[in-house]
Every structure is written in structure tokens, then in C-alpha cells.
Amino acid sequence: MRLATWNVNSIRARVERTVEFAVRESIDVLAMQEIKCKVEQFPFAKFEEAGYHVEAHGLSQWNGVAIASREPIEDVETAFANMPGFAKGHEGPDAPLEARAIGATIGGVKVWSLYVPNGRALGDPHYDYKLRWLKALEEYTRTSLAGDPDLPLALVGDFNIAPTDADNGDPTIVPGFATHVSPPEREAFAALQTAGLTDVVRPLVPSGYTYWDYKQLRFPRNQGLRIDFILGSRSFADGVTGAAIHRDERKGDIPSDHVPVVVDVDLDEPDDDDRPMIF
DNA sequence: ATGGCTCGCCCAGCGAGA
């Protein structure tokens, strides 16, 4: 299975480019973030013409996530357990949920397309929301893997965290003053790894960014961030055979500000043909 | 020159993004 994640920054603005990429790179499963539309506005036909099923979750012009897959998409969920919500004037436990997560089972893999809240600014209510959201995701991961340690689980998407200083090449994003690089956010990201997930791309692609701001020539100057990740459980990570960050997708006409991150995974599900012979 | 963008929205500034 070739699995990709891409924050597309409006699927309606970029559907041709997105589908072309998926076809050209033989992507089996494409997790998208920031589709920026309601489900009824999603350009399903363009994907279906290219041989993809699509499940989308979008509530407004903000956020929105989707999964396209060549194989059937089963057991779709639009929130993980205890995922917090957020809205102006609703910062408590009853806050409405945003469209930031869609999960499904595809080819035996539990895949989540995730758009972690931005945080906006240190001390902003959105920053607290971001940390609570990540904590709930960590607890979901722990619970899922406690129930089934061999579950092939992949959490993929825009995590809006640069986990190390090497992942921050934007001179305006200063540790101590900015989101994405603050210690609590980095600790929240590390906690996902403690909960049983591995960044399956970094060992194969040790450096490079996945996002460059549209402003101030950030891409020509290569002042980007690595904030888009594919995190896999042990059984998923053990099957990974390759990975790539498609930097060229930041070039050309009307690019997203993010680029696709891709892994190849061979889960080697035992079946009748490769069950060991016993004499 | 020391800043240069891009979405979607009841079309015009605005909220949001990182």
C-alpha cells in the first residue's frame, strides 16, 4: 500500500492537481486536510473518474478532512474518542466539534486523516484547545493499542508542530514566542510516540520541510517547516519499505503551501498462500 | 526597497492560516 497525506488548502481550488498527483504517483490511499468545504461541495466526481472512493468530513469553509482510496473505505468515523470541540464563546466541554479528523479501515489499516488545531498564539484559547486535542489523541492511541497491540494504526496529517529545531527553518517562528515550536507542543508530539507511534518518514527522509508560507519568498529561500507526518503503530512501522516528501509539489501553478508526504507499507497479512508450511 | 500570500465568504474587506 502506498499511503500519502497532503494538506491541500482547499480541494476545490486544487482538485485537478491533487488527483493528477495521486494517479501519477500511484497513491492507494490519500489523506487530505484543509479541504475547506462542506461534504456536499466536495468534488467527488474528479476522484471517482480516476478510480478513487472518497469519504469526506467538512462542516464549513474552515478545516475539513477527507480520505481517497482505491480500495473500499470501511468503518468511517468523524471524531476519535473524547476529541474536544471549539467555537467562539464555547470553550467548555460542550463546544461543537470541528471537522479535523476522519478515520477509516482500509486494507486492514486503521487510518486517521488529522488536521491538528493551529494554536494561533501562545496563551490564545486556541492554543489550549490544541494541547487538549493532542492529549485526547494520545489517549485514543493508548486505548487502541492497549486493546490490540498488533493493530496497524496510522495517524497522518498536518500536526502543526515542528518537533525539533531542525524542523523549523522559518526565521519568524521563534521558540518562546511562537506556536508550533513551544515546549508543550513538542512534548505533546513526543507523547504520541511514547504512546506507541513512530514517525515512519524521518528515518528514510532525515531532513526537509513539508510547508512553506506563501509570504516573503519562504519557498525560494527554503525557509519552511516540517509539520506534516505519518505516524505508525509498531505493526505498521515494521512494514514500511520507503518514504518521500514531494517538495516539487510546492512549485508550479497555484500550489498548496504544504506538499505530500508518502510511505510504502507492506503489511504482509498472512493468508493461505504465505502461511508457513508445517510438517 | 527590509516587504512581497491565499483561501472562502451573501463581492468586500475580513478571519484564518503557521
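Residues numbered from 1 in each chain as written. Chains lettered and ligands numbered in written order. Predicted model: local features only at pLDDT ≥ 70, side-chain atom pairs only at ≥ 80, totals over all residues. Heavy atoms only, no water.

### Some thoughts on the overall build of chain A
Definition in use: Under the DSSP-based scheme used, a helix requires at least four consecutive residues in state H or I and a strand at least two consecutive residues in state E, with every element numbered from the N terminus. Using C-alpha atoms as the atom set, the radius of gyration is obtained and then compared with a globule rule of 2.2 Å times the number of residues to the power 0.38. Throughout, a contact is declared for two residues whenever any of their heavy atoms are within 4.5 Å. All accessibility values rest on the Shrake-Rupley procedure with a 1.4 Å probe; residue burial counts only the protein chains present in the view. Charge counting follows a simple rule: Lys and Arg are positive, Asp and Glu are negative, and His as well as the terminal groups are ignored. Taken as the charge centre is NZ of Lys, CZ of Arg, CG of Asp or CD of Glu, depending on the residue.
Within chain A, the regular secondary structure consists of five helices and 12 strands. Its C-alpha atoms give chain A a radius of gyration of 18 Å, within 12% of the compact-globule value 19 Å for 279 residues. Overall, the C-alpha framework of chain A stretches about 65 × 40 × 40 Å when taken along its three principal axes. Considering only residue pairs separated by 6 or more positions, chain A has 71% of its internal contacts joining residues 24 or more positions apart. Surface summary for chain A: the accessible area is close to 12600 Å², and the carbon and sulfur share equals 51%. Here chain A contributes 28 positively and 44 negatively charged side chains, and the mean placements of these two sets differ by 9 Å.

### A short note on the packing of aromatic side chains
Each aromatic ring pair is described using two quantities: the centre-to-centre distance and the angle formed by the ring planes. As a reminder, the rule being used: Ring geometry is summarised as follows: Phe, Tyr and Trp rings, the Trp one being its six-membered ring, pair when their centres sit within 6.5 Å, and such pairs are stacked at plane angles under 30 degrees, edge-to-face over 60 and tilted between the two. The rule is simple: take the accessible area with a 1.4 Å probe, protein chains only, and divide by the maximum for that residue type; under 20% is buried, over 50% is exposed, in between is partly exposed.
The final tally for this structure, using the stated rule, is 13 aromatic pairs. Taken together, a centroid distance of 6.1 Å and an interplanar angle of 40° make the contact between F80 and Y140 tilted. Taken as a pair, F80 in the loop between β5 (74-77) and β6 (101-106) and Y140 in helix α3 (residues 125-147) lie far apart in primary sequence, 60 residues in all. Accessibility classification places F80 together with Y140 in one group, the buried group.

### Topic: the sheet that holds β6
Formally: Paired strands are those between which DSSP finds at least two bridges.
As summarised here, the arrangement of the six strands in space is β5-β6-β7-β8-β10-β9, forming an open sheet in which the pairing is mixed. Sheet topology places β5 and β9 (198-199) at the edges, where each strand pairs with a single neighbour. Where β6 and strand β7 (residues 109-115) come together, six bridges link them in antiparallel fashion. Bridging across to β7, I102 finds its partner in S113.

### Some remarks on the layout of surface pockets
The condition that has to hold: Cavity and pocket criteria rest on a 1 Å grid covering protein atoms alone: a 1.4 Å probe that fits but cannot get out defines a cavity, protein on both sides within 12 Å along at least 5 of 7 lines defines an open pocket, and an atom within 4 Å of a point defines a lining residue. Grid points are joined across faces, edges and corners, and a volume is the space filled by probe spheres set on the points. Here the term charged refers only to Asp, Glu, Lys and Arg, the term nonpolar to Ala, Val, Leu, Ile, Met, Phe, Trp, Tyr, Cys and Pro, and the term polar to all other amino acids, Gly among them.
Its boundaries defined by the atoms lining it, the largest pocket holds a volume of some 760 Å³. Around the largest pocket, the lining is made up of 32 residues, and of these R100, Y115, N118, R120 and H126 lie nearest the centre. Considered class by class, the residues forming the lining of the largest pocket number 15 nonpolar, nine polar and eight charged.

### A word on the side chain of T18
Checked against the element boundaries, T18 lands in helix α1 (residues 11-24). Setting aside anything within four residues of it in sequence, one finds T18 in contact with W6, V8, I11, L30, M32 and F47.

### So, the pattern of salt bridges
Applied cut-off: Just to be clear on terms, a salt bridge is a Lys or Arg side-chain nitrogen sitting within 4 Å of an Asp or Glu carboxyl oxygen.
Under the counting rule described, the total for this entry stands at 18 salt bridges. With its nearest N and O atoms 4.0 Å apart, the salt bridge here joins R226 to D167. Of the two residues, R226 is situated in the loop between β9 and β10 (228-232) and D167 in the loop between β8 (153-158) and α4 (183-194); the sequence distance between them amounts to 59 residues. Residues R226 and D167 agree in their burial class; the two are buried. Residues joined by salt bridges that share partners form a network here, namely D167, D199, R202 and R226.

### Notes on the sheet that holds strand β12 (residues 261-265)
Stated formally: Angles shown run from 0 to 180 degrees and are taken between the N-to-C directions of axes, each axis being a line fitted to C-alpha atoms and, for helices, limited to the stretch in contact.
Strand order in the open sheet formed by six strands is β3-β4-β2-β1-β12-β11, and the pairing between neighbours is mixed. Every interior strand has two partners, whereas the edge strands, β3 (53-57) and β11 (240-245), have only one. Adjacent strand axes in the sheet meet at a mean angle of 15°, parallel and antiparallel pairs treated alike. With five bridges joining them, strand β2 (residues 29-33) and strand β4 (residues 65-69) adopt antiparallel strand pairing. Directly across from M32, in β4, lies its bridge partner A66.

### Observations concerning the nonpolar core
Stated precisely, the cut-off is as follows: Here the nonpolar core consists of buried residues drawn from Ala, Val, Leu, Ile, Met, Phe, Trp, Tyr and Cys, with membership extended through side-chain atoms lying within 4.5 Å.
With 28 residues, the main nonpolar core has L3, I67, V200, V201, I230, F236 and V263 as its most contacted residues. Elements with a minimum of two residues in this core: β2, β4, β6, β7, β8, β11 and β12. With residues near it in sequence (within four places) discarded, V263 still touches M1, R2, L3, V200, V201, I230, F236, V240, G242 and A243. In this structure, F80, F86, L137 and I161 belong to the second largest nonpolar core, which totals 25 residues.

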